[in-house]
2 protein chains.
Amino acid sequence: MTGSAREPRRPLTRRRVLEVAVDLADRKGLEALSMRKLGEALEVEAMSLYGHVANKDDLLDGMIDAVFTEIDLPSADDGWRAAMRQRALSVRAVLRRHRWAIGLMESRTYPGPATLAHHDAVIGALRAGGFSVPQTAHAFSVLDSYIYGFALQEKGLPFQTADEAAEVAQAMFAQIPVDRYPHFVELATQHALQPGYDYGEEFEFGLDLILDGLERLHRP
Amino acid sequence: MTGSAREPRRPLTRRRVLEVAVDLADRKGLEALSMRKLGEALEVEAMSLYGHVANKDDLLDGMIDAVFTEIDLPSADDGWRAAMRQRALSVRAVLRRHRWAIGLMESRTYPGPATLAHHDAVIGALRAGGFSVPQTAHAFSVLDSYIYGFALQEKGLPFQTADEAAEVAQAMFAQIPVDRYPHFVELATQHALQPGYDYGEEFEFGLDLILDGLERLHRP
DNA sequence: AGGCTCACCCTTACGCCGTAAGTCTCATGG
DNA sequence: CCATGAGACTTACGGCGTAAGGGTGAGCCT
């Protein structure tokens, strides 16, 4: 009964556990990621996972660091501005692929190696671009706040496509006293709900506004 | 045994449930807020709460809206820039009081009345300041992304005071290969860990940078 | 006064969760 | 050939959100 011709079952490793966990979160959402479900996905009992992660928090920390691995490291070769722009777009692309990640960064506080390497490369590109240490701190703070904040906003939207947006808006307008929020309604109907509008495109506007500001700070 | 001279026990209302829930989350953290614990704090069984909130998600939605109630609504009387600056500071102050809230905005998608009123006032102040509808959308997006992103960053810090920061830094440097992250270490030791440094002060730098950018967009 | 209704609150129970503690299995090396 | 040890499995505990149903007392109608 035991040693029959089962498929040999690849051995569990921390790496494989993290990979499957990320995939599961991508497909089913973070709230569907329990130790038992993850075990099931790996064809293993939940408790076996504890040989490779200390506990669920450790699992989540590992997942975040795995996500950071996917972000392109900025290089200062084409100047700080190009480097910052490219890495901002890369962060955003990655956070779009892994929508659950932004919600986790809130609570996971101790950075893993990929996270540290990322931060180091960003700071390095700014320093190489001629930013002083305090200026670098400023720049790093605005940029990261903006990038993560935008991802947070985008995640909060109850829709992804324009069609969904229209549906949701209709449902909302049906429920709320429309004339109490005239400006909100104006913005929604005259702009956000127009065909072709995509909130995602706001990202680059804000990004360039901030980069312009940093440019002025840097070379006034 | 039943009808003895108990203190009369104020009746449960949705309002009171939300108040106590917010207070509990403030004091013990969001993960300590369960229906049972909340019931205990209200001297009531958990199931009794369901007369006043539909389920836990509804409770969380209500808590978020309660938080928005505390934010000062911007008025356009002193110009859009002053209005945006003051409301940004107010949002930040409120999110500092209720650190759990920022982590919730990620997933709560349907805005309550206070949230809508807030958004409406912000949009109204920008429109009154002369921003076109698309410009208003841009401005709203950058500002909110930045404000919430900054709060997220701040929440992610594993320390609050400078002393704690030094402790945490020491613990971290002891664990990681310091020479692999030279720029990160430089920024930390030469700047962030200096006495008197407070990450919170970075907020206004970024805020003013963005407001400057919006001013240029608006009156080029 | 007696009985009805209805609003609240309570009790019980179910299936899920993270994980502590202990057990089984089997490839390996002496 | 057996001892060892790693790695997976089993069992169990307390806590979670909440479905279903039971009590109880205030207010109203006859």
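Residues numbered from 1 in each chain as written. Chains lettered and ligands numbered in written order. Predicted model: local features only at pLDDT ≥ 70, side-chain atom pairs only at ≥ 80, totals over all residues. Heavy atoms only, no water.

### Describing the overall build of chain A
- Looking only at helices and strands, chain A has ten helices and zero strands in total.
- N-terminal to C-terminal, the α/β element order of chain A is α-α-α-α-α-α-α-α-α-α.
- Taken against the 2.2 N^0.38 rule, which gives 17 Å for 220 residues, the C-alpha radius of gyration of chain A at 22 Å runs more than 25% over that of a compact globule.
- Dimensions of chain A along its principal axes, counting C-alpha atoms only, are 70 × 55 × 25 Å.
- Looking at chain A as a whole, 50% of its 220 residues are labelled buried.
- Accessible area of chain A: about 11,000 Å², with a carbon and sulfur share of 52%.
- Computed over 24 positive and 32 negative side-chain charges, the separation of the two mean positions in chain A equals 5 Å. (Helix = DSSP H or I, 4+ residues; strand = E, 2+ residues; numbered from the N terminus. Rg over C-alpha atoms; globule rule 2.2 N^0.38 Å. Buried < 20%, exposed > 50% of the residue type's maximum accessible area, 1.4 Å probe, protein only. Areas by Shrake-Rupley, 256 points an atom, 1.4 Å probe, with all protein chains shown as cover. Lys, Arg positive; Asp, Glu negative; His and termini not counted. Charge placed at Lys NZ, Arg CZ, Asp CG, Glu CD.)

### Considering the protein's contact with DNA strand C
- What surrounds DNA strand C is a group of 16 residues, the closest being A:Arg36, A:Tyr50, A:Lys56, B:Glu45 and B:Ser48.
- Looking at DNA strand C alone, sugar and phosphate atoms form 53% of those within 4 Å of the protein.
- Here A:Tyr50 contributes a side-chain N or O atom positioned 2.7 Å from a phosphate oxygen of DNA strand C.
- Taking A:Lys56, its side chain carries an N or O atom lying 2.7 Å from a phosphate oxygen of DNA strand C.
- The biggest single contributor to the surface near DNA strand C is helix 2 (residues 35-41) of chain A, with three residues.
- Each residue belonging to the surface near DNA strand C can be placed in one class, and the counts come to six nonpolar, five polar and five charged. (Near = heavy atom within 4 Å. Polar contact = N/O pair within 3.5 Å; in protein donor to acceptor, adjacent residues only side chain to side chain. Nonpolar A, V, L, I, M, F, W, Y, C, P; charged D, E, K, R; others polar.)

### Quick look at the protein's contact with DNA strand D
- Lining the immediate surroundings of DNA strand D are 16 residues, of which A:Glu45, A:Ser48, B:Arg36, B:Tyr50 and B:Lys56 lie closest.
- Considering the 4 Å shell around the protein, atoms of DNA strand D inside it are sugar or phosphate in 51% of instances.
- One nitrogen or oxygen atom from the side chain of B:Ser34 is found 3.0 Å from a phosphate oxygen belonging to DNA strand D.
- Take B:Lys37: an N or O atom from its side chain is 3.5 Å from a phosphate oxygen of DNA strand D.
- When residues of the surface near DNA strand D are assigned to their parent elements, the largest contribution, three residues, is made by helix 2 (residues 35-41) of chain B.
- For the surface near DNA strand D, the class distribution of residues is six nonpolar, five polar and five charged.

### Description of the interface of chain B and chain A
- Between chain B and chain A, the contact holds 56 residues from the first and 56 residues from the second.
- When chain B packs against chain A, the two sides together hide about 4,900 Å² of surface, and 70% of this comes from carbon and sulfur.
- Summed over the shared surface of chain B and chain A, the number is two salt bridges.
- The partner of B:Glu186 in a salt bridge is A:Arg127, with the nearest N and O atoms 2.8 Å apart. (Contact = heavy atoms within 4.5 Å. Buried area = accessible area lost by both parts, 1.4 Å probe. Salt bridge = Lys/Arg side-chain N within 4 Å of Asp/Glu carboxyl O.)

### Some thoughts on the UniProt feature "DNA-binding region" (unreviewed entry) in chain A
- In the numbering adopted here, UniProt assigns the feature "DNA-binding region" (unreviewed entry) to residues 34-53 of chain A.
- The span residues 34-53 of chain A shows a helical share of 35% and a strand share of 0%, and its end C-alpha atoms are spaced 13 Å apart. (UniProt positions renumbered as here; feature names shortened; annotations may be inferred.)

### Quick word on the relation of the copies chain B and chain A
- Here chain B sits on chain A after a turn of 180° about the axis and a move of 0.0 Å along it, with an RMSD of 0.1 Å. As the rotation angle and translation indicate, the two copies are arranged about a two-fold axis. Relative to the rotation axis, the C-alpha of B:Gly149 is the closest in chain B, positioned 1.8 Å from it.
- A share of 100% of interface residues in chain B that are also interface residues in chain A marks the association as one of identical surfaces. (Least-squares fit on C-alpha atoms with pLDDT ≥ 70 in both.)

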